[in-house]
Amino acid sequence: MSSSFHTTKLEFDQKKNVFVTQLGEPDEEDYNVRKFPIVEESEWALVKDGNRTLQSTLLLQKQREMAVVDQELEAKRREFAVRMERCMTKQNELRVEQQKIKERVEKFDRFVRENEVKRQRALVKFQNERKQQEIREHELVVLKEKYDNLEKRQKKLVSKIEDNRKFERYIQQVVDILPEGYLELSDNMLKGVISRYNTLEQANASLLQELMQKDDSIDRAQQALAELTKTKTDEVLSYNSTIAALHSQLEKCYQHTVRKEEETLRQKIHHRNQCQLYGQLELAIKNIVDLKCRAVKVKPGQKPHTLLDKLSIIQKYLLERESVYQMSLETATPASTPPSHLN
């Protein structure tokens, strides 16, 4: 017997062991004889009956444990209901306290807002009064500066009048030394001298203005000449830069053409290598089909196999080989595994 079968160990008392084949009334001489019933069932049936008895015992034990767990769960449910009721009571009390706190907070917020409005009003009033005070102080400073400037100007004018006294004395001396009939007869000779001076000054100013105009026209002509020279120089530079740019573009086009020619040459070499590799692969596939797959032949009037057909033929051949190999492995392996229910 294999080790997977159950073993039973029987312990017997120090009595005679006999098998009973017929039931009858016990005799006195058979008192010390232990009787065993004849077992007609197989050992597998006995093992199954033992397992069924063990499962029934475990089921009863699990039912008792479930009953205990149900009792504990019911107790927990009652405890949870009591706790929930307490929590609801606490929640209602907390809601009332929150409402009271909310009312106190609203009152405090109103008080704070009213105080903030009063503070803002007082602050605005203070800022307005502060600005008015600054404006008044600034006006006072400006008026003081104006007064000081006027006072200084008055002093300067008085000083200037005193300084111009010498010119009056000088003009009087000029009038005294002038010949008779030099000036037109007028009541005041000083005004005649001043008028004559003004006339000469105006003539001098007109001459100076005409001279300045001539200078301006000369400057404009020189400026036009300079601008024309600059324009022509700029045109020459622009033409030179255009020529340089075109020359640079020509160089780039030449380099691009050289690169394209090199790239075309490389592509031709690569294409030639690819064609050579393709021919080698096609020849190798044809040789494999001819050597390994001789059974596949082209029938008369049938189109020759394409490359994809040849590859599919090789694939079928390899799959058949693999299936044959797997079948040989399965055939070589001995089937000595016991039934699954015995393990």
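Conventions and cut-offs
Residues numbered from 1 in each chain as written. Predicted model: local features only at pLDDT ≥ 70, side-chain atom pairs only at ≥ 80, totals over all residues. Heavy atoms only, no water. Helix = DSSP H or I, 4+ residues; strand = E, 2+ residues; numbered from the N terminus. Buried < 20%, exposed > 50% of the residue type's maximum accessible area, 1.4 Å probe, protein only. Contact = heavy atoms within 4.5 Å. Areas by Shrake-Rupley, 256 points an atom, 1.4 Å probe, with all protein chains shown as cover. Salt bridge = Lys/Arg side-chain N within 4 Å of Asp/Glu carboxyl O. Patch = residues over 30% accessible without salt bridge, like charges linked within 9 Å, V, L, I, M, F, W, Y side chains within 5 Å. Expected span 1.5 Å × (residues − 1). pLDDT = per-residue confidence, 0-100.

Moving on, we come to the overall build of the protein chain. Looking only at helices and strands, one finds three helices and two strands in the protein chain. Starting at the N terminus, the α and β elements of the protein chain follow one another as β-β-α-α-α. Looking at the protein chain residue by residue over its 343 residues, the buried ones come to 3%. Of the contacts made within the protein chain by residues no fewer than 6 positions apart, 29% connect residues no fewer than 24 positions apart. Surface exposure of the protein chain reaches about 32800 Å², of which carbon and sulfur atoms provide 57%.

Here we come to the pattern of salt bridges. Under the defined criterion, the tally for this structure stands at seven salt bridges. With a closest N to O distance of 3.8 Å, E65 and K62 form a salt bridge. With E65 and K62 both in helix α1 (residues 43–177) and three residues apart, this pair spans about one turn of that helix. With a shortest N-O distance of 3.9 Å, R78 and E74 are connected by a salt bridge. Here E74 and R78 lie together in helix α1, a separation of four residues that amounts to about one turn.

This part is about a nonpolar patch on the surface. Taken together, the side chains of F108, F111 and V112 present a nonpolar region at the surface, about 300 Å² in accessible area. Its location among the elements puts V112 in helix α1.

Below, the discussion takes up helix α3 (residues 307–332). For α3, spanning 26 residues, the distance from its first C-alpha to its last is 38 Å, which sits close to the expected 38 Å at 1.5 Å a residue. Three or more residues of α3 are buried, namely K310, I313 and I314.

It is worth spelling out the confidence of the model for the protein chain at this point. The share of residues in the protein chain with pLDDT of 70 or more is 76%, and the mean pLDDT across the chain is 78. Of all helices and strands in the protein chain, the one with the weakest mean pLDDT is strand β1 (residues 16–19) (45), whereas helix α2 (residues 189–292) scores best (87). Counted against residues more than four places away or in other chains, residues 335–343, with its pLDDT under 50, gives four contacts.

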